[in-house]
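Structural features, examined
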Amino acid sequence: QMQLVESGGGLVQAGGSLRLSCAASGRTFSRYGMGWFRQAPGKEREFVAAVTLSGVGTYYADSVKGRFTISRDNAKNTVYLQMNSLKREDTAVYYCAATQRFGSRSVGDYPYWGQGTQVTVSS
C-alpha cells in the first residue's frame, strides 16, 4: 500500500496562488507516476496534472495549462502542484494519486489516492 497525504489547501482570492504538497509513504515513490485530480461539488473527479517518474514529463488539463505546475522531489517523496492565477472555477477538493501508468489522465488508472485538500477561490 501507498499512503498519500495532501496539504496546502485553503481560501485564496481570485488571481492569487497556492502550493499543494503530497507526501508519500509505504512504497518506492520514484517508481510511480503521480497525478493531481480535483472534484467540485456535484461534478465528477477530473484530471488536473501528471508527472512521470523522473519529473521530466508533465501533462496538464487544458483548463490549467500555463497556470499550474506539477513537480516532484523523489528525495523527499513529495509531489507538488503550484497554482497561480487562480479562478473561482478552480474551487474543488484536490487529490493526489499514484500510478504505474505514467502520465495517465484516467481516474481508473490510479490505485492510490490521498484524502484530498480543499481549495476555495473567492472573487
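Above this note sits the structure.
Note that the coordinates shown come from a computational prediction; the quantities given were computed from them, not determined experimentally.

Brief notes about unusual backbone geometry
Residues other than glycine seldom take positive phi values, yet Asn77 does so here, at roughly 55°. Within the fold, Asn77 resides in the loop between β7 (68-73) and β8 (78-83). Phi is positive for Ser85, close to 50°, though the residue is something other than glycine. Looking at the element boundaries, Ser85 is found in the loop between β8 and β9 (92-99). Assessed through its relative accessible area of 41%, Ser85 is described here as partly exposed.

Comments concerning the side chain of Ser104
Among the secondary structure elements, Ser104 is positioned in the loop between β9 and β10 (112-113). Beyond its immediate sequence surroundings of up to four residues, Ser104 is in contact with Phe47, Ala50, Asp109 and Tyr110.

What counts and how
- Position labels on residues start from 1 in each chain and follow its written sequence.
- For this predicted model, a pLDDT threshold of at least 70 governs which residues receive local features, and a threshold of 80 or more governs which side-chain atom pairs are given and counted, while totals over whole chains, interfaces and linings are taken from all residues.
- Excluding hydrogens and water, the side-chain values take into account all heavy atoms of the structure.
- Helical segments are the DSSP runs of H or I of at least four residues, strand segments are the runs of E of at least two, and each set is numbered from the N terminus.
- Note on exposure labels: buried denotes an accessible area under 20% of the residue type's maximum, exposed denotes more than 50%, and partly exposed covers the range between, all computed with a 1.4 Å probe on protein chains only.
- Residue contacts are defined here by distance: any two heavy atoms, one from each residue, within 4.5 Å place the two residues in contact.

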